[in-house]
Amino acid sequence: MVAISILTIGDPNQYTQITHLFSESGAKVSISAAADLKDAIHQLQTNHFDAVISEFDLGKENGLDFIAKIKKHIQYSPVTILTGEQAQGVVKEAIKAGVDYFFLRNEESELEIIRLNRFIRQTVKQKQNQEALHYADTNFRTIVEATDDSIYMVDRHFRYLFINSPHQKRLGIFGEEYESKSYKDLHTDDETKRFVHSLNQVITHSNYFSEEYEKDGRYYNRKFIPVRYQTSQQTLAVTVVSIDITDRVKLEDEVARGASLVTATFESTSDGIFVVDRGGKIINYNQKFLDMWFIPETVIEERDEEVLLAYIEDQLEDRETFIEKLNYLKTHPEKEAFDVLEFRDGRIFERNTLPQRIGGTIIGRVWSFRDVTEQRKTLSSLQITQANYRSVVESTGDSIFMVDHEGCYLFMNSYHRNKLGDIADKYLEKRMRVMLPPGEEQRFDQALERVFSTKRQLQDEFHWISKDYIRRFTPVKDDDSDEVRAVTIVLTDISDMKAAEQEVKNNEERLKILFDYAPEAYLLTDIKGTFIESNRAATELTGYTPDDLRGRNIFTMGLIGSMHITKTAVLFAKNALGRPTGPDEVNISKKDGKSLFAEVMTYPIRIRNQSLVMTIARDITERKISEEALKQREEQYRLLVNNAGEGVFVIRDTRIIFANPKSSDIFGYSSIDLQNFGIMDIIHPDDQEEFSGLLERARHGEQIHAGVSLRAFTMAGELRWLEVGMAEIVWQNQSSILLLCMDVTKQKIAQDALVQSNRKLNLLSSITRHDVLNQITILLAYLDLLTKKNKDPDLEPFIAKQVEATQSIRSQIVFTKEYQDVGVKEPQWQNLGAAIAAAKEVGRIQYVKWADNLNSIEVYADPLLEKVFSNLISNSLMHGEHVSEITFFTEETPSGLILIYEDNGIGIIEKNKKKIFHHGFGKNTGFGLFLSREILSITGLSISETGKEGKGVRFEITIPRNLYRLI
């Protein structure tokens, strides 16, 4: 038996005999005392009591007044027991007024106790049950009426048994008009046919059934729930819950439309996912997951993670590692994991798994597999038992609870109970106030007071436990008095909807930014070519703003050149068949009349069920001009190479990949035959090492200028002398070496003959010079003897002139020895630092110095270059008077390199700066600087003096750019 609460008025000890009867019935009894009638009314208003015991005489008032006040001020009816020694007439009047029992204190008190005991055992229990039943019925009816969902019940013959207010409003009926009506009385034939078919499935199979349908432009989700007796599996009736999902469908449609344009531009991927709870039960998965793993319905219907993973692991290559990781995650539920799964059939998935948390609590695990398209996740059917209203409330996904006027919990459904956790029972048992986040109490109280005062439903939005809700306050009214005695609050989670709305907004903003600021022109048209939208790059390309283009047709406005109208129409025709096109070249006429070429690509897309065309274009006018110029240059270069007077090869590694016609003339092979050779096949064996060195230097970016002589063989085995030049180039997108070969065989033969002649002439000159110098020596000896024996003063001037002339002849003969070697030997590459060092050693001059970089510079010059430097040093020592410092260094110029020689002597006067290089000028023989200039000029080098008198000499040797190199 349930606990009984009793309120006594006055001294509770007066009623011990009566209250003892309640405990004798086996019930727990709690007794509260009121000092007087006013205190009793107050306690009855603030607390619930099962029974009230009072004296009939209450001072100024009596039991009849007390009964009247209870009916007026108290919304429930406790059992009322009055005591006293009143007459039978008074007792009858009290019972008529509503007193449940009048206990008479008289000589028959024992009999009254027996009657009262029976009354307590029957009437009190019966009244408690009626009150509880009425209270529960009112609560759940109010909850059902408070929801926005349509809820109704039909029997096996499709007759209505119940319809809640929202569904009556949808049907346009009121009150009890639905009684005795069947479904077809309120719906069309098509609707009835569909409803009957769905209902028969539930009645036949006794299972839940869910479907979605559309009516009058709105969308609904309808769930059919069988109603059975607990002792029987037969379906007696069916409860139908119809939820308006129009907003969700529209939102999904909006998301789909928003994603459509993004999908047309960018490709996206999604994951195959399934989720399990801590117990290993599969609570969710998507269709893509099933498709990826080829999972049959018989496996997934088990909803068992062990069964599913056992099926999955059989498809994997490394089954042992997979099982090992699964076991590790079971013992470490807080861990995340990522790995790669290899299948026996060759497929590979990326797998990611992480714990699912609510707050800080792990409630399960999420598995995802990369590179799949996420399908619409299977929505769990709403588990509602329609045998009574509680099953509807407990199965909803909304938090539903009821509060009294003070805001204390009277009821909460399981969903809300789970949100509160362990403290939920404490709130219900102690009638504590609704649990609210800080700052929400005042707003909640104001809403509650408004519902109590207006007796009308109120709705607002509410943020609670990191979620957004629509909160509906619905008054719970007494059926008889229409007074609001409680309020039902329904919290509907709209977090996903708001997040989706925000995502749609973010997608649109991102898309607009991408569209507007894309570097290429984007033009959106319908399938007939009428412009809808364009971006900034399109304005720059065409000169037309989006407003200029919008509504105009691409084929009629003159944007496309007349020669390309048909071509553009073909592109749009392909788009109409669902095929993208491009890249294609189209001539465009800008708004200002200028013409340009554009490269266009078109893509068919759909937005809001409309077929559109996205055109992406970019200006290629400059490229076209460049391509045309390149084509002309290629033609020019082809003619130049084919008609060149020297052999042109392109070499990759050591293989010939191109040879011009002149190469065939030089070597006797056809161009095709040469392309089957390696270059080393035709180079003389003794020169192959030098040639390989030149190739390696060219591969490192050095330009090998023509002038290097090498030997090669023709097809007939004849020897050819070649002057070669090399440079690194890009040929057919790969690094190669350009080799230029000039046949100098005839020149080489002539040069060799000339050198041989020079050698013979030098030999003859040497012999002749030796004989002449011997005779001049004899002549000078006789002249000296004649001078000593001459006694005639008049002859002395003549003898002196003879001696001077003879000495001059001797000097000229000596110069021929110096000059005969100039130009005899071929020029060669010489290191500047080494040549200066050798010249310095000849004179043993310790204070000659040169810049460090001269040791890494080579100059193409006559082999007598060293003599140039020794002549300069000798002149400084001979004529500089106080020379103690000689320096060599270089300066770079646009035309080449300047080698500078400076000393700290007396210098050269201005008027003699050019004369010093003349033959015979100077204090001695006058041959030194003249000879130096001749040696340098053989390879195109020149020398000049630019110093200042009194500050030393400054000789500048100019070396052209192609006659020096860095090593």
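Peer 1: Please explain the overall build of the chain as it appears in this structure.
Peer 2: When helices and strands are counted, the chain shows 29 helices and 40 strands. For the chain, the residues scored as buried account for 41% of the 967 residues in total. Here the analysis covers contacts within the chain between residues at least 6 apart in sequence; of these, 53% occur between residues at least 24 apart.

Peer 1: Quick question: what am I supposed to make of helix 16 (residues 441-454) here?
Peer 2: Along an α-helix, residues three or four positions apart point the same way, because every turn accommodates 3.6 residues. Helix length check: helix 16, at 14 residues, gives a terminal C-alpha distance of 20 Å against a target of 20 Å (1.5 Å per residue), a fit within 8%. All of the buried residues along helix 16 are Phe444, Ala447, Leu448, Val451 and Phe452. Projected down its long axis, helix 16 shows its buried positions confined to an angular sector of 135°, all on one face. Turned more than 90 degrees away from the buried face of helix 16 sit Gln442 and Ser453, all of them exposed. Residues of helix 16 that are buried sit in contact with strand 18 (399-403), strand 20 (458-464), strand 21 (467-477) and strand 22 (484-493). Within two residues after helix 16, Lys455 carries a phi angle of roughly 60°, on the positive side.

Peer 1: Honestly, the sheet that holds strand 36 (residues 886-893) in this entry has me stumped. Any pointers?
Peer 2: What holds strands together in a sheet is hydrogen bonding between their backbones, with the strands either parallel or antiparallel. In spatial order, the strands read 34-36-37-39-38; together these five strands make up an open sheet with mixed pairing. One side of each edge strand has no neighbouring strand; the edge strands of this open sheet are strand 34 (848-850) and strand 38 (942-945). Each adjacent strand pair in this sheet contributes to an overall mean axis angle of 20°, direction not counted. Relative to strand 36, strand 34 runs parallel, the two sharing three bridges. Counterpart to Val848 in the pairing with strand 36 is Ile886. The strands touched by helix 28 (residues 865-879) are strand 34, strand 36, strand 37 (896-903), strand 38 and strand 39 (954-960); relative to strand 37, the strand with the most contacts, the crossing angle is about 30°.

Peer 1: Help me understand a negative patch on the surface in this model?
Peer 2: A contiguous patch of negative charge on the surface is contributed by Glu317, Asp318, Glu320, Glu324 and Glu342. With respect to the helices, strands and loops of the structure, Glu342 is situated in strand 15 (residues 337-342).

Peer 1: I tried to follow the packing of helix 3 (residues 63-73) against helix 4 (residues 88-97) on my own but got confused; where do I start?
Peer 2: Between two packed helices, the angle of one axis relative to the other and the distance separating the axes together describe the packing. Two elements in contact, helix 3 and helix 4, have axes separated by 10 Å at closest approach and are oriented at 0°. What the angle tells us is that helix 3 and helix 4 run roughly parallel. Taken together, the residues of helix 4 that come into contact with helix 3 (itself represented by Leu64, Ile67 and Lys71) are Glu93, Ala94 and Ala97. Residue composition of the contact of helix 3 with helix 4, by class: four nonpolar, no polar and two charged.

Peer 1: Which parts of the structure should I look at to understand empty space enclosed by the protein?
Peer 2: Gaps left between atoms are located by rolling a probe of water-molecule size over the structure's atoms. One pass over the full model with this rule turns up seven cavities of 30 Å³ or more. Quantified by volume, the largest cavity comes out at close to 140 Å³. Lining the largest cavity are 16 residues, and of these Ile554, Ile560, Ile588, Val600 and Thr615 lie nearest its centre. Only helix 18 (536-542), helix 20 (565-576), strand 25 (581-589), strand 26 (595-607) and strand 27 (610-619) provide two or more residues apiece to the lining of the largest cavity. Residue contributions to the lining of the largest cavity peak at three residues, all from helix 20. Classifying every residue of the lining of the largest cavity by side-chain character gives twelve nonpolar, four polar and no charged.

Peer 1: It is not clear to me how the environment of Phe555 should be interpreted in this structure. Could you clarify?
Peer 2: Tracing the backbone through its elements, the reader meets Phe555 in the loop between helix 19 (546-549) and helix 20. When residues no more than four places from it in sequence are discounted, the contact partners of Phe555 are Lys528, Gly529, Ile565, Thr568, Ala569 and Phe572.

Peer 1: Help me understand the pairing of strand 7 (residues 101-104) in this model?
Peer 2: Taken residue by residue, a regular strand's side chains alternate between the two faces of the sheet. In strand 7, alternate side chains face the same way, and those of Tyr101 and Phe103 on one face and Phe102 and Leu104 on the other are all buried. In terms of strand pairing, strand 6 (residues 79-84) meets strand 7 through four bridges, oriented parallel. When the bridges of strand 7 are listed, Leu82 appears paired with Phe102. As a crossover connection, the stretch from strand 6 through helix 4 into strand 7 is right-handed.

Peer 1: It is not clear to me how a nonpolar patch on the surface should be interpreted in this structure. Could you clarify?
Peer 2: Taken together, the side chains of Phe338, Val340 and Ile348 present a nonpolar region at the surface, about 310 Å² in accessible area. The residue Phe338 is located in strand 15 in this model.

Peer 1: Please explain the sheet that holds strand 35 (residues 857-861) as it appears in this structure.
Peer 2: Spatially, three strands are ordered 33-35-40 in an open sheet, and the strand pairing comes out antiparallel. At either margin of the open sheet sits one strand with a lone partner, and together these are strand 33 (828-831) and strand 40 (964-966). The average angle at which neighbouring strand axes cross in this sheet is 30°, direction not considered. Here three bridges tie strand 35 to strand 40, and the two strands are oriented antiparallel to one another. When the bridges of strand 40 are listed, Val859 appears paired with Tyr964.

The rules we used
- Residues numbered from 1 in each chain as written.
- Predicted model: local features only at pLDDT ≥ 70, side-chain atom pairs only at ≥ 80, totals over all residues.
- Heavy atoms only, no water.
- Helix = DSSP H or I, 4+ residues; strand = E, 2+ residues; numbered from the N terminus.
- Buried < 20%, exposed > 50% of the residue type's maximum accessible area, 1.4 Å probe, protein only.
- Contact = heavy atoms within 4.5 Å.
- Expected span 1.5 Å × (residues − 1).
- Arc of directions from axis to C-beta.
- Pairing = 2+ DSSP bridges.
- Axes fitted to C-alpha atoms, helices over the stretch in contact; angles between N-to-C directions.
- Patch = residues over 30% accessible without salt bridge, like charges linked within 9 Å, V, L, I, M, F, W, Y side chains within 5 Å.
- Areas by Shrake-Rupley, 256 points an atom, 1.4 Å probe, with all protein chains shown as cover.
- Salt bridge = Lys/Arg side-chain N within 4 Å of Asp/Glu carboxyl O.
- Lys, Arg positive; Asp, Glu negative; His and termini not counted.
- Charge placed at Lys NZ, Arg CZ, Asp CG, Glu CD.
- Parallel < 35°, antiparallel > 145°, perpendicular 65-115°, else oblique.
- Nonpolar A, V, L, I, M, F, W, Y, C, P; charged D, E, K, R; others polar.
- 1 Å grid on protein atoms, 1.4 Å probe; cavity = no way out; pocket = protein on both sides within 12 Å on 5 of 7 lines; lining within 4 Å.
- Points joined across faces, edges and corners; volume = space filled by probe spheres on them.
- Right-handed = clockwise from strand over helix to strand, strands pointing away.

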